[in-house]
Each structure stands twice: as structure tokens, then as C-alpha cells.
There are 2 protein chains.
Amino acid sequence: MTIIEDLLANIDEEKKLNIINSAMKEFSKQSFQSASTNTIVKEAGISKGSLYHYFGTKEKLYEYLEYFAIKIIAENIINKVNWNQQDIFTRIKEVSLIKFNLFQELPYLSDFSLKVFENKSAEEIMHKHPDFPLALYSQLYNQNIDYSLFKDEVDVKKAIDIIRWTIEKCGDEYRRKIAENKMAFDYKAIEKEIYGYIDMLKDSFYKKGEK
Amino acid sequence: MTIIEDLLANIDEEKKLNIINSAMKEFSKQSFQSASTNTIVKEAGISKGSLYHYFGTKEKLYEYLEYFAIKIIAENIINKVNWNQQDIFTRIKEVSLIKFNLFQELPYLSDFSLKVFENKSAEEIMHKHPDFPLALYSQLYNQNIDYSLFKDEVDVKKAIDIIRWTIEKCGDEYRRKIAENKMAFDYKAIEKEIYGYIDMLKDSFYKKGEK
DNA sequence: ATAAAATTGACCAACGTAGTCAATAGCTGA
DNA sequence: TCAGCTATTGACTACGTTGGTCAATTTTAT
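Residues numbered from 1 in each chain as written. Chains lettered and ligands numbered in written order. Predicted model: local features only at pLDDT ≥ 70, side-chain atom pairs only at ≥ 80, totals over all residues. Heavy atoms only, no water.

Going by an unreviewed UniProt entry, chain A carries the name TetR family transcriptional regulator and comes from Alkalibacterium kapii.

Given below as C-alpha cells:
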């Protein structure tokens, strides 16, 4: 991994992004076996030789992408989340918008990550990437959160699932529409739509007067 | 399509199911191009010659699967839904369980359908399969439903989205767990879990005393 | 001007492909 | 039993694509 990073450190950021995006696209559309390095280099606008100079083999390229995806998502969340915010709804809003921002620059990060976790269990990933922030995901919905804001009769664990799922599906739907109708990416519109759903759930799950 | 159906009518149901499941599996894991007919026949336990005797080409096989998937889902829903039921929560429960039952016998129907709609718009599908029941999906959440049961301040359209998404994600999560831990498929357990979420949303979105 | 590093793309052996078709197996009715 | 038929097989083919290499070229740094 270090060797690869050393080599990548010397090429300019835009070319690096091109390669990563192109490779993530191919690996998220095809199985590892079927994914074509020819397709990757063509879309990235580099030569076959360069790709193999940077990464050595297809396997190593894939491993680097795994490492990169995990690292960049975790870094963004850890650094940008306001850990003092005790309202889980606001916390979740923050996380979803952080991810949306990331996915703008790395359009296939979402699909690629999904595919990685489809094929490998968290343990396998932990084994290959020991610094994988497994704990982060539970911290996100637990650390310094004030659960007393929920109505007493609400099952908080289920409520959080519903909020998370709603945001994810809302984002999926939006990206589907963009892909289909060539509808423009409108950050503010997405934000507004997601907030509409979240605020509705907040009204339903929180005690009255806890806005 | 008719020619294919005539040929398929003469082979026994189990073999037909094997072919359909095997082909849906391959097409839902690989792109159309990368999907291998060799893999399909191997898993289905038939010879290459038979597959091409039944379907002619890879394209026609894929088209038949498209047709079959749409038809079987629509048939099941239309015939099994109780259209007199005015409670949308019960309606949605019914639909989700109908689908779960279907997906038990056709494990890749869900993934395959998703992929079909990823790659083609509803219009394209309508064009290729003129009897595609496009209207069914809106009927499902509108026909003979009593919206007055919702609290006045609740946005019903958003509420239905949330319910639908929750069920879908709940099912996804369950299937993921089964695939990962080799956890056994437990129909009653899934039903109970889904009902847990739906009832919670019902408590939140319906007027008090409307259970 | 020179050395070193980065980048190229034609090239290759190996492999998997969709589809074919002569041969075989299995079944039918007499 | 056997002829006639259909359903089924899988070895085979022509071909496209693959991951990876490496001598040659360009770019960069000194």
C-alpha cells in the first residue's frame, strides 16, 4: 500500500481522481473478474503501462480502492461531524450531507463501497485493513446523543433505522432521477427534500415541544 | 415470445424454474455482455444445446426473463391483494409479504428486476412489453385507500414513501444477514420484524384511536 | 546537455465467448 | 420388438478480450 501511495503522491490530483473514479465505476458495474483494465485506462485517459506502473496488478488496484474508499469516508465523517450536537436528527442530517458532498466528487464511491461490503464481511475487511474504523458507525448514532428527546413509547433503535433508511432511499431515488432524465444535480434541492422527510419523522418521534 | 413459451410449456416445471433462477442469478450478478451462457447452463444442470433450443439467443433469453419477471410479480400482486382493504398499512404489509413469498421460490427475481429498471426506463419497458402493468404501482397505494386515517399534519405522500422504503430496506438487511451468516430463512421472523416497524409508523402517522 | 523518471501503446499467449450441429438418448404407438 | 420421432447432449469453432510486458519515447530535473 505504501509503495502505491508513494507513486501516486507524485502524480497530479486530477489525474489521480480520474483513475480512481474510472476504476470505481468499472468495479462497481462488473464483478472483479469481468472488470476490464482496458476499460479503466480508456475512461481514465491514461495508458495501460501507467496503470500497471502505479498499481502492479489488478488485485492491488482493487485493494487500493478498498483502502481509499474506507479511508476517505471515515476521514470526512470524523473531521466534519459536530460531535457536540446532541440531536440525533441533526447528526444524521450532517452525515448524509457530508456523504452527498463526497459523492459529488467521487460519483462511484457509494456503489463501490456497497459492492465491497456485499462481497466481504466486516471481519474480512478488518483483517485486510487493520485501521478500518469499524467502531465509527456505532459512534455515529450513539456518541453524545440525547435519547430522552424521543417519545417514551418510541423504540429508539427502530426509529434510527427508519431515519437512516429514509435518507439512503431518498438519495438513491434522487440519483436515479438524475441518471435517467439527465436532471441536473441540485445540491440545495436534495438538501431540502431530505430535510422534508427528516423533519416529518422528527415531529412524529420526538416529544411535543422538543424541536 | 410465444414461440419460446410454446417450447417451455413442454418441459417440466422444476427444470424450467432451474433455468430461470440460474439465468436471473447470472444476469443480476453480471452485465448483459459479461453474463455467460456457459455459467447459466452449468448451474441450471442442462446442456448448452437445450438452452439455445429453448431461447435461440442470449438476447431472447434475457427478454424472456424481463417478460417473465414483470408478469409474475404483477400476477401475484393483482390476484392476492385484498382490494377491499382500505388501510394502507395493511395493504402495504400484504404486498411486502406477497413479494417475500415470491422471492423464496425465485431468489434472484428481486435483484434481477432491480437491474432491469436500472438500465431501462419505464417507457422503454412499456415499449417492449406493451402489457406491462405500469398503472398497477400507483393503484397499489391509491385504489380504495382511506387517507383520512392519517393525522392532518402528516404529508401522506411522504409517509407512504417512508413506509415503502422501510420495508424494502428491512428486507434487504434481512437477506444480507442470511447471505452472510448463513442464517436460516425464517418467514415468521421476517414478518414479525417488518410488522414491528410498520406498526410503529402507524402509531406515529395515524390519528389516535385509529388502530 | 545529460541523466533519470514518467508514460506510452503495440504486442502476446491464454482464455472464455456465443452459437452450431452431428450424434445420441428417450419416448411413442403399434 | 422396433421404427420413427423428438428432446437433449457436449465437443467444437472462429473470434474477441484479457492481464500483463517492455522497448521506445517523452517529460522533467539538474
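There's plenty left to go through after this.
Right, let's talk about the overall build of chain A for a bit. Tallying secondary structure elements over chain A gives 11 helices and zero strands in all. When the helices and strands of chain A are listed from N to C terminus, the series reads α-α-α-α-α-α-α-α-α-α-α. Taken over the C-alpha atoms alone, chain A extends approximately 65 × 40 × 30 Å along its principal axes. Burial analysis of chain A (211 residues in total) assigns 47% to the buried set. Look at the contacts in chain A between residues 6 or more apart in sequence, and 70% of them connect residues 24 or more apart. As presented, chain A carries roughly 11,000 Å² of accessible surface, and 51% of it is formed by carbon and sulfur atoms. Side chains of chain A give 31 positive and 34 negative charges; the mean places of these two sets differ by 3 Å. (Helix = DSSP H or I, 4+ residues; strand = E, 2+ residues; numbered from the N terminus. Buried < 20%, exposed > 50% of the residue type's maximum accessible area, 1.4 Å probe, protein only. Contact = heavy atoms within 4.5 Å. Areas by Shrake-Rupley, 256 points an atom, 1.4 Å probe, with all protein chains shown as cover. Lys, Arg positive; Asp, Glu negative; His and termini not counted. Charge placed at Lys NZ, Arg CZ, Asp CG, Glu CD.)

Moving on: the protein's contact with DNA strand C. Around DNA strand C, 18 residues are found, and the nearest of them are Tyr-54 of chain A together with Ala-35, Ser-36, Thr-37 and Lys-58 of chain B. Near-protein atoms of DNA strand C (within 4 Å) split between backbone and bases, with sugar and phosphate holding 59%. Take Ala-35 of chain B: an N or O atom from its main chain is 2.8 Å from a phosphate oxygen of DNA strand C. A distance of 3.0 Å is found between a phosphate oxygen of DNA strand C and a side-chain nitrogen or oxygen belonging to Tyr-52 of chain B. Elements that contribute at least two residues to the surface near DNA strand C include exactly helix H4 (48-55) of chain A together with helix H3 (37-44) and helix H4 (48-55) of chain B. (Near = heavy atom within 4 Å. Polar contact = N/O pair within 3.5 Å; in protein donor to acceptor, adjacent residues only side chain to side chain.)

Interaxial distance between helix H11 (residues 187-205) of chain A and helix H11 (residues 187-205) of chain B falls to 9 Å at its minimum, and their mutual angle equals 85°. Taken together, the axis directions place H11 of chain A and H11 of chain B in an arrangement best described as roughly perpendicular. Counted together, Met-200, Leu-201, Ser-204 and Phe-205 of chain A of H11 of chain A and Met-200, Leu-201, Ser-204 and Phe-205 of chain B of H11 of chain B form the full contact between these two elements. When the residues that make up the contact of H11 of chain A with H11 of chain B are grouped by side-chain class, the tally is six nonpolar, two polar and no charged. (Axes fitted to C-alpha atoms, helices over the stretch in contact; angles between N-to-C directions. Parallel < 35°, antiparallel > 145°, perpendicular 65-115°, else oblique. Nonpolar A, V, L, I, M, F, W, Y, C, P; charged D, E, K, R; others polar.)

To continue, consider the relation of the copies chain A and chain B. Here the second copy of the chain follows from the first by a rotation about an axis and a shift along it. Mapping chain A onto chain B calls for a screw motion: a turn of 180° about the axis and a shift of 0.0 Å along it, with 0.1 Å RMSD after fitting. The transformation just described matches what one would write down for a two-fold rotation axis. If distances are taken from each C-alpha of chain A to the rotation axis, the shortest is found for Ser-204 of chain A, at 2.7 Å. Of all interface residues in chain A, 100% are interface residues in chain B too; the two copies therefore contact each other through one and the same surface. (Least-squares fit on C-alpha atoms with pLDDT ≥ 70 in both.)

Next up on the list: the packing of aromatic side chains. The description of two aromatic rings rests on the distance between their centres and on the angle between their planes. Under the counting rule described, the total for this entry stands at 26 aromatic pairs over all chains. Centroid distance Tyr-64 of chain A to Tyr-67 of chain A: 6.0 Å. Interplanar angle 45°. Geometry classified as tilted. Taken as a pair, Tyr-64 of chain A and Tyr-67 of chain A lie in helix H5 (residues 58-80) at a separation of three residues, close to a single helical turn. Of the two residues examined, Tyr-64 of chain A and Tyr-67 of chain A, each falls in the buried class. Note on Tyr-62 of chain B and Phe-112 of chain B: the rings are 5.6 Å apart at their centroids and 65° apart in plane angle, and the pair reads as edge-to-face. Of the two residues, Tyr-62 of chain B is situated in helix H5 (residues 58-80) and Phe-112 of chain B in helix H7 (residues 109-119); the sequence distance between them amounts to 50 residues. (Phe/Tyr/Trp six-rings, centres within 6.5 Å; stacked < 30°, edge-to-face > 60°.)

As a structural note, the neighbourhood of DNA strand D is formed by 17 residues, with Ala-35, Ser-36, Thr-37 and Lys-58 of chain A together with Tyr-54 of chain B the closest of them. Across the atoms of DNA strand D situated within 4 Å of the protein, the share located in sugar and phosphate is 57%. With respect to DNA strand D, the side chain of Ser-36 of chain A contributes an N or O atom lying 2.8 Å from a phosphate oxygen. Elements that contribute at least two residues to the surface near DNA strand D include exactly helix H3 (37-44) and H4 of chain A together with H4 of chain B. By residue number, the principal contributor to the surface near DNA strand D is H4 of chain B, which donates four residues. Residues of the surface near DNA strand D, tallied by class, amount to five nonpolar, eight polar and four charged.

This part takes up the UniProt feature "domain: HTH tetR-type" (unreviewed entry) in chain A. Within this numbering scheme, the UniProt entry marks residues 13-73 of chain A as carrying the feature "domain: HTH tetR-type" (unreviewed entry). Structurally, residues 13-73 of chain A is divided into 80% helix and 0% strand, and its ends, taken at the C-alpha atoms, are 18 Å apart. (UniProt positions renumbered as here; feature names shortened; annotations may be inferred.)

All names here are of chain A. Considering all chains together, one arrives at two cavities of 30 Å³ or more under this definition. Computed from the structure, the largest cavity encloses a volume of approximately 70 Å³. Lining the largest cavity are Glu-66, Ala-69, Ile-70, Ile-73, Phe-112, Ser-113, Val-116, Phe-117, Phe-132 and Tyr-137. Elements supplying a minimum of two residues to the lining of the largest cavity: H5 and helix H7 (109-119). Split by residue class, the lining of the largest cavity holds eight nonpolar, one polar and one charged. In this model, the second largest cavity occupies a volume close to 30 Å³. (1 Å grid on protein atoms, 1.4 Å probe; cavity = no way out; pocket = protein on both sides within 12 Å on 5 of 7 lines; lining within 4 Å. Points joined across faces, edges and corners; volume = space filled by probe spheres on them.)

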